[in-house]
Structure formats: structure tokens, C-alpha cells
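# Chain and residue survey
The primary structure of each chain is shown beneath.
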Amino acid sequence: DQQVKQNSPSLSVQEGRISILNCDYTNSMFDYFLWYKKYPAEGPTFLISISSIKDKNEDGRFTVFLNKSAKHLSLHIVPSQPGDSAVYFCAASADGGYQKVTFGTGTKLQVIP
Amino acid sequence: DTGVSQNPRHKITKRGQNVTFRCDPISEHNRLYWYRQTLGQGPEFLTYFQNEAQLEKSRLLSDRFSAERPKGSFSTLEIQRTEQGDSAMYLCASSPWGTQNTGELFFGEGSRLTVL
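Calculation criteria
- Residues numbered from 1 in each chain as written.
- Chains lettered and ligands numbered in written order.
- Predicted model: local features only at pLDDT ≥ 70, side-chain atom pairs only at ≥ 80, totals over all residues.
- Heavy atoms only, no water.
- Helix = DSSP H or I, 4+ residues; strand = E, 2+ residues; numbered from the N terminus.
- Buried < 20%, exposed > 50% of the residue type's maximum accessible area, 1.4 Å probe, protein only.
- Areas by Shrake-Rupley, 256 points an atom, 1.4 Å probe, with all protein chains shown as cover.
- Lys, Arg positive; Asp, Glu negative; His and termini not counted.
- Charge placed at Lys NZ, Arg CZ, Asp CG, Glu CD.
- Pairing = 2+ DSSP bridges.
- Contact = heavy atoms within 4.5 Å.
- Buried area = accessible area lost by both parts, 1.4 Å probe.
- Salt bridge = Lys/Arg side-chain N within 4 Å of Asp/Glu carboxyl O.
- Core = buried A, V, L, I, M, F, W, Y, C linked by side-chain atoms within 4.5 Å.
- Patch = residues over 30% accessible without salt bridge, like charges linked within 9 Å, V, L, I, M, F, W, Y side chains within 5 Å.
- Disulfide = S-S within 2.5 Å.
- Phe/Tyr/Trp six-rings, centres within 6.5 Å; stacked < 30°, edge-to-face > 60°.
- Lys NZ or Arg CZ within 6 Å of the ring centre and 35° of its normal.

Here we come to the overall build of chain B. A tally of regular secondary structure across chain B gives 0 helices and 11 strands. The secondary structure elements of chain B, listed N-terminal to C-terminal, are β-β-β-β-β-β-β-β-β-β-β. Overall size of chain B, expressed as C-alpha extent along the three principal axes, is 45 × 25 × 25 Å. For chain B, the proportion of its 116 residues judged to be buried stands at 48%. Approximately 5800 Å² of chain B is accessible, and the part contributed by carbon and sulfur atoms is 44%. Chain B carries 14 positive and 13 negative side-chain charges, and their two centres are separated by 7 Å.

Shown next, in the form of C-alpha cells:
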């Protein structure tokens with residue numbers, strides 16, 4: 001039962017362009033969402049989060065959008081840089097983040113110089 | 001280094017042997033999580049602690065798996081009678097729940113288990 005889904009296993013984008021990574025969830029109890037980035041041989045690192053009371057959160061080049069009615073969120077990276085090449089995981093939690101964090105399967109982003 | 005520390009980083013064992021992994025969280029963090037990751041998958045939740053209390057265990061955690069956090073600091077994850085299907089990266093993470101409620105998890109570099 002995959003409650004957090006990332007349907008695109010990989011994405012290639014030219015340097016300087018926008019990268020859009022998508023995520024869907026099925027559990028209506030989720031109200032806190034996070035994105036993590038993972039480089040090979042390292043643990044995932046936190047990127048950005050959003051609470052369900054918001055529909056957008058920005059942090060520098062990274063913006064997360066949340067569409068609660070569609071149970072969909074997306075991560076926008078503008079402009080994309082080669083150092084952004086990594087695996088990106090979408091994650092979700094309930095009770096404002098108090099409950100366990102459930103991860104998606106990941107999207108491998110390649111930014112081409 | 002004040003990050004999450006996991007040991008050993010890599011363990012190769014024969015089927016049927018027991019293995020134990022240790023996680024040292026960031027010192028002021030009261031939450032500690034264990035996840036398992038296999039190739040091409042995201043981290044799968046195994047269990048988590050608030051201080052020394054184990055709050056939840058996944059159905060994935062069979063009776064061969066046991067986790068402890070005896071003094072609310074470091075944690076151990078033991079796998080008894082290992083099977084080849086246990087081969088995976090075991091990730092530990094900690095968070096400062098209650099003092100900084102961002103929900104953010106801080107991960108260690110993981111312990112890779114290979115069962116022959």
C-alpha cells in the first residue's frame with residue numbers, strides 16, 4: 001500500500017531551466033509534507049516542507065506547491081543547477097508532523113550542463 | 001561531527017547469523033527513527049522512539065527484528081537469523097520533536113547489510 005507515490009522514476013533537465021518533481025498521496029490524514037534530497041552513499045537530507053494550511057512554500061530556488069483537493073504536491077527548482085542532480089523523495093506525515101514520516105519511491109533528477 | 005552516526009557502515013554476514021546496528025542521534029534530539037531502503041525504493045518505515053518509548057512498529061518488522069533505545073540516547077537494531085531478503089540499507093534518523101516542530105528528520109549515512 002504505497003501511500004506516497006512518485007510516478008516518475010527519473011527526470012532530465014537542462015541547466016538553468018525549471019525542474020518539476022511531482023508527488024501524489026492517498027492518505028487523507030497527511031497534513032505535513034516534506035522533500036528530501038539524496039546523493040549516492042549519503043543519507044537523505046531535508047530540503048523543504050509545507051503544512052496543509054498553506055498551498056505554497058518557497059526557499060530560495062526551491063518552491064513546493066500543495067493541492068489538497070487533488071492530493072498532489074510538486075517541487076519546483078528554478079534555475080536548475082548540475083549540483084541539484086540527486087534522488088528526490090517526497091514524504092508525508094499526519095498530526096502536523098507528529099506521526100511517522102512516510103516516503104515515496106523517489107525521482108532521480110539529472111541536470112545536464 | 002555532531003550529526004547522526006551509524007555503525008557499522010557495512011556488514012556482510014551469512015544467512016542465519018545475527019547482526020546488530022547502532023545509531024547515535026544528534027544529542028538534543030528526542031525522536032529516533034529506523035528506516036530500511038532497498039534499491040530503487042524510498043525509505044520504508046520500521047520503527048520510531050520518543051525518548052526511550054517505542055511509539056510504533058511497522059508490519060515490516062517481523063519478530064526477528066528488535067529495536068531498543070534503553071536510555072533515550074543511542075539505539076540498536078538487531079536482526080536475528082538473517083535472511084537474504086534482509087539485505088538493504090538501514091537508515092537511522094533523529095528529530096527534535098517538541099522543541100522545533102518542523103517534522104524534519106536528520107539522517108545518518110546508513111548501515112548497509114549484505115546477507116550471503
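This part takes up the sheet that holds strand 3 (residues 19-25) of chain A. Hydrogen bonds between backbone groups are what pair the strands of a sheet, and the pairing can be parallel or antiparallel. Residue and element names in this part refer to chain A. Spatial strand order, 1-3-8-7-6: 5 strands in an open sheet with antiparallel pairing. The two strands at the open ends of the sheet, each matched to only one other strand, are strand 1 (4-5) and strand 6 (56-59). As judged from the 6 bridges shared by strand 3 and strand 8 (residues 72-77), these two strands associate in the antiparallel manner. Within strand 8, the position partnered with L21 by the bridge is L75.

Attention now goes to the interface of chain A and chain B. With 20 residues of chain A in contact, the opposing surface of chain B contributes 22 residues. Summed over both sides, the interface between chain A and chain B buries roughly 1700 Å², with carbon and sulfur atoms accounting for 55% of that surface. Together, A:Y98, A:K100 and A:F103 form the three largest contributors to the area buried by chain A at its contact with chain B, with a combined 32%. Linking chain A with chain B are 1 salt bridge. The closest approach of N and O atoms between A:K100 and B:E56, which form a salt bridge, is 2.9 Å.

A separate point is the nonpolar core. Generally speaking, nonpolar side chains in soluble globular proteins are found buried as a group. Core analysis: the biggest nonpolar cluster contains 23 residues, and A:F33, A:W35, A:L73, A:L75 and A:Y88 have the highest contact counts within it. Listing elements by their share of this core, those giving two or more residues are strand 3, strand 4 (30-38), strand 5 (45-51), strand 7 (62-67), strand 8, strand 9 (86-94) and strand 11 (107-112) of chain A. Among the elements that make up this core, the one with the highest residue count is strand 9 of chain A (4 residues). When sequence neighbours within four positions are dropped, the list of residues in contact with A:F33 reads A:Y25, A:I48, A:S49, A:I50, A:L66, A:L73, A:A91 and A:A92. Grouped together as the second largest cluster of nonpolar side chains are 19 residues, B:F21, B:I26, B:W34 and B:F49 included.

Among the surface-exposed residues, A:I18, A:I20 and A:V78 lie close enough to one another that they form a single nonpolar patch of about 230 Å² accessible area. As for its placement among the helices and strands, A:I20 is situated in strand 3.

What follows concerns the state of the cysteines. All names here are of chain A. As enumerated under the stated definition, the model contains 2 disulfides over all chains in all. A sulfur-sulfur distance of 2.1 Å marks the disulfide that ties C23 to C90. Given an S-S torsion of about -75°, the disulfide between C23 and C90 has left-handed geometry. Taken together, the residues C23 in strand 3 and C90 in strand 9 connect sequence positions 67 residues apart.

Further remarks concern the pairing of strand 11 of chain A. All names here are of chain A. Side chains T107, L109 and V111 of strand 11 all project onto a buried face; the interleaved residues K108, Q110 and I112 project onto a face where none is buried. Here 3 bridges tie strand 9 to strand 11, and the two strands are oriented antiparallel to one another. Across the sheet, V87 pairs through a bridge with K108, a residue of strand 11.

Following A:V78, the chain continues into A:P79 via a peptide bond in cis, with omega recorded as -10°. Considering the arrangement of structural elements, one finds A:P79 in the loop between strand 8 and strand 9. Cis geometry is found at the peptide bond from B:N7 to B:P8, where omega equals -10°. Phi at B:N51 is positive, roughly 55°, even though this residue is not glycine.

Right, let's get into the packing of aromatic side chains. Using the criterion set out here, one finds 14 aromatic pairs over all chains in the structure. Between A:F103 and B:Y35, the ring centres sit 5.3 Å apart and the planes meet at 85°, which makes this aromatic pair edge-to-face. Here B:Y35 lies in strand 4 (residues 31-37) and A:F103 lies in strand 10 (residues 102-103), a pairing that spans two chains. Sitting over the ring of B:F45, A:K100 keeps its end group 5.4 Å from the ring centre.

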